[in-house]
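Architecture at a glance
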Amino acid sequence: MLVRTIRDIKNGAKMGFSSLLRRSFSDWSGTVVDMGNKDGELRVFMVAGEVSGDSIASRLMASLKKLSPLPIRFSGVGGPRMSKEGLESLFPMEDISVMGMWELLPHLNKFRVRLKETIEGAILFRPHVVVTVDSKGFSFRLLKQLRARYGWQESNGPLHFHYVAPSFWAWKGGEARLKGLANFVDHILCILPNEEAVCKLNGLDATFVGHPVLEDIVEFNLGKQASPHDLKIEGNSEDFRRKYALSPGAAVISLLPGSRLQEVIRMLSIFSHAFDQLKDSIPELITVIHVASNQHVENYIDGVIHKWPVPAILIPGGHQHLKYDAFSVSSSALLIQKAFIELNQKCMT
């Protein structure tokens, strides 16, 4: 679905991923498909470091398998959804799922080891295309070092795609920082419509391919006769109440603590403190905790949930319909931005 809806912004014509590669890189001496024809297969090295990236990459893999004119083979780093599409991950995706500089420091040696393993894995795989998905801290280091290994002028080196443009609109001087990416990124796949033009203005080839949430909407509405503008996601609150035997008077609040262990540890501590204060003033208070498909996160939540101050329902990652059913029955949902977490922790200490 994702690849089928990639559009040429200039003329509005739909085109497949292979066509996108040909048209975007026609000035290169060899296109991806040309290189694949010589080898009798198309080799795609993909790296995702987070749950959201695993979802995006798996959908791309599924579409590529349908559209590729050649047998296609994958290698790289990913999670369970990518594994279902045929990827044998070099190591657990969770090993590179780190939030920021301060969180990275205690794991710096492992991070370096995993980066080296990924580079070596890519070199041995001899890919025609390298696709990194979000996780720019790891992704950009990988692409930069791979480009250095192959050499900028080497015509038979793999093309580098990065899926999900970095949030340049959130940085001071962020647009200017895009210019350096052209040294090791050949094409950016953008999920927001404004990003394509800004990337191009700063020397980066880019294509707007749509936001991943649109994929959820399409999947939820398969078989329905409705215009694209009328499609929406509606969970079933009654099914959810019956499934978990919730009384009509239960006050349900959804919690989204994140997909990375560091942020989950921080958020759940704050959430627990908040519900400890709320439980006496809100009768029949129930929490629904959405658990990311991250083994470290799952293990941590399993270990702390017995101390939770109010009854809790855990929604495992990857259960899309159940997730939206939970949203439909919830009166509110809570998530906390990283900056607010740090401020709150300072206040509490």
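Since this is a predicted model, take the numbers as computed values, not measurements. (Residues numbered from 1 in each chain as written. Predicted model: local features only at pLDDT ≥ 70, side-chain atom pairs only at ≥ 80, totals over all residues. Heavy atoms only, no water.)

Remarks on the pairing of strand 4 (residues 159–163)
Buried residues dominate strand 4, accounting for 5 of its 5 residues. Here strand 3 (residues 129–133) runs beside strand 4; their pairing, made up of 5 bridges, is parallel. Across the sheet, residue Val131 finds its bridge partner in strand 4, namely Phe161. Pairing between strand 4 and strand 5 (residues 187–190): 3 bridges, direction parallel. Counterpart to Tyr163 in the pairing with strand 5 is Leu189. (Buried < 20%, exposed > 50% of the residue type's maximum accessible area, 1.4 Å probe, protein only. Helix = DSSP H or I, 4+ residues; strand = E, 2+ residues; numbered from the N terminus. Pairing = 2+ DSSP bridges.)

A few points about the side chain of Glu41
Tracing the backbone through its elements, the reader meets Glu41 in the loop between helix 2 (32–39) and strand 1 (42–48). Only 3.1 Å separates the side chain of Glu41 from the side chain of Arg43, close enough to count as a polar contact. Leave out the neighbours within four places in its chain, and Glu41 touches Gly36, Leu70, Pro71, Arg73 and His128. (Polar contact = N/O pair within 3.5 Å; in protein donor to acceptor, adjacent residues only side chain to side chain. Contact = heavy atoms within 4.5 Å.)

Looking at the confidence of the model for the protein chain
With 77% of its residues at a pLDDT of at least 70, the protein chain reaches an overall mean of 80. Here helix 15 (residues 338–348) stands out as the element of the protein chain with the lowest mean pLDDT, 41, in contrast to strand 2 (residues 72–77), whose mean of 96 is the highest. Low pLDDT, under 50, characterises residues 1–30; the predicted model gives this stretch 65 contacts beyond four residues in sequence or across chains. Across residues 338–349, where pLDDT falls below 50, the model places 12 contacts with residues more than four positions away in sequence or in other chains. (pLDDT = per-residue confidence, 0-100.)

Here we look at the nonpolar core
Val185, Ile188 and Cys199 are the most contacted members of the largest nonpolar core, which totals 29 residues. Only strand 1, helix 6 (108–125), helix 7 (136–150), strand 5 and helix 9 (195–201) provide two or more residues apiece to this core. Considering every element that reaches this core, the biggest residue donor is helix 7, with 6 residues. The residues touching Ile188, leaving out its near neighbours within four places in the chain, are His162, Ala165, Cys199, Leu204, Asp205, Ala206 and Thr207. The next biggest cluster of nonpolar side chains, apart from the first, holds 25 residues, and it includes Met35, Ile56, Leu189 and Val209. (Core = buried A, V, L, I, M, F, W, Y, C linked by side-chain atoms within 4.5 Å.)

Here's the deal with the packing of aromatic side chains
For the structure on display, the rule yields 6 aromatic pairs. Measuring from ring centre to ring centre gives 6.3 Å for Phe45 and Phe125, while their planes differ by 50 degrees; the resulting arrangement is tilted. One end of the pair, Phe45, is in strand 1; the other, Phe125, is in helix 6, with 80 residues separating them in the sequence. Residue Phe45 is classed as buried on the basis of its relative accessible area, which comes to 0%. Phe125 gets classed as buried once you look at its relative accessible area, which sits at 9%. (Phe/Tyr/Trp six-rings, centres within 6.5 Å; stacked < 30°, edge-to-face > 60°.)

Considerations on the pattern of salt bridges
Tallied over the entire structure, the rule returns 11 salt bridges. We note a salt bridge from Glu41 to Arg43, for which the minimum N-O separation is 3.1 Å. A single burial state applies to Glu41 and to Arg43, both of which are buried. Linking Asp186 and Arg147 is a salt bridge whose minimum nitrogen-to-oxygen distance equals 3.0 Å. In this pair, Asp186 is assigned in the loop between helix 8 (174–177) and strand 5 and Arg147 in helix 7, connecting sequence segments 39 residues apart. By the burial criterion, Asp186 is buried, and Arg147 matches it. (Salt bridge = Lys/Arg side-chain N within 4 Å of Asp/Glu carboxyl O.)

Comments concerning helix 6
An α-helical segment advances 3.6 residues per turn. Residues three or four places apart therefore align on the same side. Counted at 1.5 Å a residue, the expected span for helix 6 with its 18 residues is 26 Å, and the 26 Å between its end C-alpha atoms agrees. Of the residues making up helix 6, those classed as buried are Phe111, Arg114, Leu115, Thr118, Ile119, Gly121, Ala122 and Phe125. Along the long axis of helix 6, the arc covered by the buried residues comes to 160 degrees, so they all point the same way. Looking at helix 6, the residues exposed on the side facing more than 90 degrees away from the buried face are Asn109, Arg112, Lys116 and Leu124. (Expected span 1.5 Å × (residues − 1). Arc of directions from axis to C-beta.)

Re the packing of helix 12 (residues 261–278) against helix 13 (residues 295–304)
Between helix 12 and helix 13, whose axes approach to 9 Å, the crossing angle comes to 25 degrees. As the angle between them shows, helix 12 and helix 13 are arranged roughly parallel. Judged by the sense of rotation from one axis to the other, the crossing of helix 12 with helix 13 is right-handed. Residues Leu261, Val264, Ile265 and Leu268 of helix 12 form the contact with helix 13, whose own contacting residues are His296, Val297, Tyr300, Ile301 and Val304. Per-class residue counts for the contact of helix 12 with helix 13 are 8 nonpolar, 1 polar and no charged. (Axes fitted to C-alpha atoms, helices over the stretch in contact; angles between N-to-C directions. Parallel < 35°, antiparallel > 145°, perpendicular 65-115°, else oblique. Left-handed = near helix turned anticlockwise from the far one by under 90°. Nonpolar A, V, L, I, M, F, W, Y, C, P; charged D, E, K, R; others polar.)

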